[in-house]
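Descriptive analysis of the structure
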There are 2 protein chains.
Amino acid sequence: MKRITLRELAQALNMSISTVSRALSDHPDISESTKEKVREASALYNYKPNLRARYLRTKSSGLVALILPEYNMFFIPTLMQSISEVVNKHNYSLLVFQSDDSFEKELDIIDYCNQISVDGILLSLSNGFNKDEDLKELSSDNAPIVLLDKVLPNLKMSCVSVEGDEISQRAVSYLRKKGHKHIGGVFADPGISISQNRLKGFTEAIEDYGDLQGYVLSLENVNETDRELTRFLKEFPEITALYVMSDEIAMRVYHCLNKLNVKIPDEVSVISISDGSLPRLLHPNITHFYHSAAEIGKRAAETLFHVLKSKSAEIENISIECQLVELDSVKDLK
Amino acid sequence: MKRITLRELAQALNMSISTVSRALSDHPDISESTKEKVREASALYNYKPNLRARYLRTKSSGLVALILPEYNMFFIPTLMQSISEVVNKHNYSLLVFQSDDSFEKELDIIDYCNQISVDGILLSLSNGFNKDEDLKELSSDNAPIVLLDKVLPNLKMSCVSVEGDEISQRAVSYLRKKGHKHIGGVFADPGISISQNRLKGFTEAIEDYGDLQGYVLSLENVNETDRELTRFLKEFPEITALYVMSDEIAMRVYHCLNKLNVKIPDEVSVISISDGSLPRLLHPNITHFYHSAAEIGKRAAETLFHVLKSKSAEIENISIECQLVELDSVKDLK
DNA sequence: TTATCAACCGCAAACGATTCCGCAAACGAT
DNA sequence: ATCGTTTGCGGAATCGTTTGCGGTTGATAA
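As a starting point, this report considers the structure included with it.

The rules behind the values
Residues numbered from 1 in each chain as written. Chains lettered and ligands numbered in written order. Predicted model: local features only at pLDDT ≥ 70, side-chain atom pairs only at ≥ 80, totals over all residues. Heavy atoms only, no water. Helix = DSSP H or I, 4+ residues; strand = E, 2+ residues; numbered from the N terminus. Rg over C-alpha atoms; globule rule 2.2 N^0.38 Å. Buried < 20%, exposed > 50% of the residue type's maximum accessible area, 1.4 Å probe, protein only. Contact = heavy atoms within 4.5 Å. Lys, Arg positive; Asp, Glu negative; His and termini not counted. Charge placed at Lys NZ, Arg CZ, Asp CG, Glu CD. Polar contact = N/O pair within 3.5 Å; in protein donor to acceptor, adjacent residues only side chain to side chain. Buried area = accessible area lost by both parts, 1.4 Å probe. Salt bridge = Lys/Arg side-chain N within 4 Å of Asp/Glu carboxyl O. Nonpolar A, V, L, I, M, F, W, Y, C, P; charged D, E, K, R; others polar. Pairing = 2+ DSSP bridges. Near = heavy atom within 4 Å. Expected span 1.5 Å × (residues − 1). Arc of directions from axis to C-beta. Axes fitted to C-alpha atoms, helices over the stretch in contact; angles between N-to-C directions. Least-squares fit on C-alpha atoms with pLDDT ≥ 70 in both.

Turning to the overall build of chain A, a few remarks are in order. Looking only at helices and strands, one finds 13 helices and 12 strands in chain A. Taken against the 2.2 N^0.38 rule, which gives 20 Å for 334 residues, the C-alpha radius of gyration of chain A at 26 Å runs more than 25% over that of a compact globule. Taken over the C-alpha atoms alone, chain A extends approximately 85 × 40 × 30 Å along its principal axes. Taking all 334 residues of chain A together, the buried fraction comes to 52%. Restricting the contact set of chain A to residue pairs at least 6 apart, pairs at least 24 apart contribute 70%. For chain A, the centre of its 38 positive side-chain charges and the centre of its 48 negative side-chain charges are spaced 7 Å apart.

In this section: the side chain of Ser124(B). Residues and elements named next belong to chain B. Along the chain, serine 124 turns up in the loop between strand S3 (120-123) and helix H7 (132-139). Side-chain polar atoms of serine 124 contact the backbone oxygen of leucine 148, separated by 3.5 Å. Apart from residues lying up to four places away in sequence, serine 124 is in contact with Ile67, Leu68, Pro69, Glu106, Leu148, Asp149 and Lys150.

With that settled, consider the interface of chain A and chain B. It is common to give the size of an interface as the accessible area that goes away when the parts come together. Taken together, the 53 residues of chain A in the interface contact 52 residues of chain B. Summed over both partners, the interface of chain A with chain B comes to about 4800 Å²; 54% of that surface belongs to carbon and sulfur atoms. Counting the surface chain A buries against chain B, the share from its top three residues, Arg52(A), Met73(A) and Leu281(A), is 15%. Our count for the chain A to chain B interface comes out at three salt bridges. In this structure, Asp111(A) and Lys48(B) form a salt bridge, with 2.6 Å as the shortest nitrogen-oxygen distance. In this structure, the connection of chain A to chain B is made through 18 residue pairs in polar contact (both at pLDDT 80 or more). Counting residues per element, the ones that place at least two in the side of chain A that touches chain B are helix H4 (51-58), helix H5 (76-89), strand S2 (93-98), helix H6 (103-115), helix H11 (247-259) and helix H12 (278-281) of chain A. The class makeup of the residues in the side of chain A that touches chain B is 23 nonpolar, 19 polar and 11 charged. Here three bridges tie S2(A) to strand S2 (residues 93-98) of chain B, and the two strands are oriented antiparallel to one another. What sits directly across from Leu94(A), in S2(B), is Val96(B).

Here the focus is unusual backbone geometry. Residue Ile264(A) is joined to Pro265(A) through a cis peptide bond whose omega torsion reads 0 degrees. Tracing the backbone shows Pro265(A) in the loop between H11 and strand S9 (269-274). Residue Pro284(A) is reached from His283(A) by a cis peptide bond, and omega for that bond is -5 degrees. Positive phi, close to 50 degrees, is recorded for Asp100(A), a residue that is not glycine. In this fold, Asp100(A) is placed in the loop between S2 and H6. Residue classification places Asp100(A) among the partly exposed residues on the basis of a relative accessible area of 36%. One non-glycine residue, Asn261(B), lies in positive phi territory at about 60 degrees.

This part covers the protein's contact with DNA strand D. Surrounding DNA strand D, one finds 26 residues, the nearest of these being Arg57(A), Thr19(B), Arg22(B), Thr34(B) and Arg57(B). When atoms of DNA strand D within 4 Å of the protein are sorted by moiety, sugar and phosphate together comprise 57%. Arg57(A) is positioned such that a nitrogen or oxygen atom in its side chain is 2.3 Å from a base oxygen of DNA strand D. Here a sugar or linking oxygen of DNA strand D sits 3.3 Å away from a polar atom, N or O, in the side chain of Lys59(B).

An α-helical turn contains 3.6 residues, so any two residues separated by three or four positions project in the same direction. Residues and elements named next belong to chain B. Between its first and last C-alpha, helix H8 (residues 166-177) extends 16 Å over 12 residues, near the 16 Å set by a 1.5 Å rise per residue. Taken as a whole, H8 has its buried residues at Ile167, Ser168, Ala171, Val172, Tyr174 and Leu175. Relative to the axis of H8, the buried residues are bounded by an arc of 160 degrees and lie together on one face. Elements that come into contact with the buried residues of H8 comprise strand S6 (182-187), helix H9 (193-209), strand S8 (241-244), strand S9 (269-274), strand S10 (287-290) and strand S12 (323-325).

It is worth spelling out the sheet that holds S10(B) at this point. All names here are of chain B. Here six strands make up an open sheet; going across it, the order is S7-S6-S8-S9-S10-S12 and the pairing mixed. The two strands at the open ends of the sheet, each matched to only one other strand, are strand S7 (213-218) and S12. Ignoring which end each strand starts from, the neighbouring axes of this sheet average 20 degrees apart. Pairing between S6 and S8: four bridges, direction parallel. Bridge pairing links glycine 185 to tyrosine 243 in S8. On the sheet, H9 packs against S6, S7, S8 and S9 and is oriented at approximately 170 degrees with respect to S6. The sheet strands contacting helix H10 (residues 225-235) are S6, S7 and S8, and the helix crosses S7 at an angle near 160 degrees.

Let us look at the environment of Pro49(A). Relative to the helices and strands, Pro49(A) is located in the loop between helix H3 (32-44) and H4. Distance in space between the C-alpha atoms of Pro49(A) and Asp328(A) is 56 Å, their sequence separation being 279 residues. When residues no more than four places from it in sequence are discounted, the contact partners of Pro49(A) are Arg54(A) and Gln115(B).

Here we come to the relation of the copies chain A and chain B. For these two chains of identical sequence, chain A goes onto chain B by a turn of 180 degrees and a shift of 0.1 Å along the axis, with RMSD 0.3 Å. This pairing of chains is accounted for by a two-fold axis. Comparing contact sets, 98% of the residues at the interface of chain A also lie at the interface in chain B, consistent with an isologous, same-surface contact.

A separate point is the sheet that holds strand S4 (residues 145-148) of chain A. Spatial ordering of the open sheet is given by S11(A)-S5(A)-S4(A)-S3(A)-S1(A)-S2(A)-S2(B)-S1(B)-S3(B)-S4(B)-S5(B)-S11(B), a layout of 12 strands whose pairing is mixed. Both outer strands of the open sheet, strand S11 (317-320) of chain A together with strand S11 (317-320) of chain B, are each paired with one neighbouring strand and no more. Within the sheet, the average angular offset between the axes of one strand and its neighbour, ignoring direction, is 20 degrees. Examined bridge by bridge, strand S1 (residues 63-68) of chain A and strand S3 (residues 120-123) of chain A share four bridges and lie parallel to one another. Across the sheet, Val64(A) pairs through a bridge with Gly120(A), a residue of S3(A).

Dropping the structure here:
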């Protein structure tokens, strides 16, 4: 059926455009009888307002952008799912962009977002990001930005992420309680702040306890996990437990251990950080610290809408807590 | 920096709005010297056209919507990645929506998309979908729709998907060549057309050969793979090979076999259909028919832009071919 | 009767761009 | 000198809404 405009609807009703407009938005100036007529005709002709035109008047585009470094399989789908729900609930639409982990591209995208006048931006920072000034400048006088997942807390923006270095400490503490003394930590690219944090927490925890021995494997490229981990385990055969900082790596660690025919958890225990799906898909199920991607997305989106609705420029810094989920990949040595 | 409008820019330049507009769009009516001045000022004041306003005149919103039943981890990220690239290359932006596999919601979303006047829609059909009429009606006089992945070819729309039942035949043929006589097929919800196709191809292939024995496991809910498959294998211990129709299921099949301590491929061989990442992440690496999610996304998006640019209403029906990738999960019994 | 005041509705100006016309100056040709 | 044509630019309508403001009714009070 052809879309009808407000003007045409008004003509059909023999009323003025403004009356029809007000009737549809339930304005008190309009009598109930008129409203009823308008509503009827509107339904009859299947009138739907042109939202783009409305946005031109009201200065609100109804668009929220999500900018991601990349689309990875473990985290992003759940994240998007939850963000999408919140965004649609508020009658906004979700735009997605990928920065390919390039800072330049990130700035371009943000600029473009402002050009198409999005109302708000959800941003997961690229690895290449460093110059805070640029971003701060961009945010002024433009669409508000909320950082999520990959954040830099010293920026003057709201951000939502999982808890930082404490989680590594909790992992080390847990493994120690289970009797593990020689613990390997497997981390992603040390260029990313999240790797840095978790690595830092790990080494600090090891040192604090005094009776532990820590070993660090930093993977510049996760695709080389197989080779690097094989070398690592050969070099340090005394390792009885691995602390793995992400699903992406955990998947590859399992692959490697299976290939090497190393029994989990009998020969090597594994503990990871995950949003919960992968640990139950691999055998044996991985004991992990559960952090909900859905929760991060939801909170970030809600924070953004809080800003959009209330116009409050108050900066929130939300940290999502992790929760230990004990499954089958850690052996009790005691 | 504050955003400036065309009017303000024109005032600053002491020219008319129309001149400035034309100069920026390189209209032949405008002299080179004027154009130069306008470009300079435009750069100086950082003028960016308001795309919403432009839309109202030109009727092109620069928005393309992608409607998905759900965000699954194996297929969607790659799909989105490729779609996103094509869309951005054309200077459009990508909106995403999820239909939660509900037909009602799907229609609502399509309607909403037309309301916010997207220029085109990429649609992966929900399972619940059946009434072709409704969709056909919707497509008339509105944004063009291209179906992808989950398609219904009899609809009067362009669609892009992986090849249908032939792939099951190729799989059966391959397993037979390797000496397997008792072959189990593991399929998802028979309500989905893609499951139906692959199941149909499978049973037909088995029958055609005559010397094979086929066994079918249809999973209403993939989360019950563990229980169902355990029962299945106990019931038919003669099965030497499993044909698995998706990554989602393959992952769970591996989990189950590992749990049952069944050796792959020595005791049971596995062949699957996949876009290639999972098979290399599980051990032993899964022999599979490679179908590129990226390819599907790319072709679908390109098809859509073909329609958008050329206004040709010609219907294309693109089928992506699969390619056998022999890895380590199928044993040669001969 | 007339002033007052709701209640109800329409006019017209935005929003920020594009684009159809028309108009003046310049120019070459007759 | 006159006429047509090109060149370069401005005026104003337009896209489909929202909304401030003013105007018309009819009822009520003075």
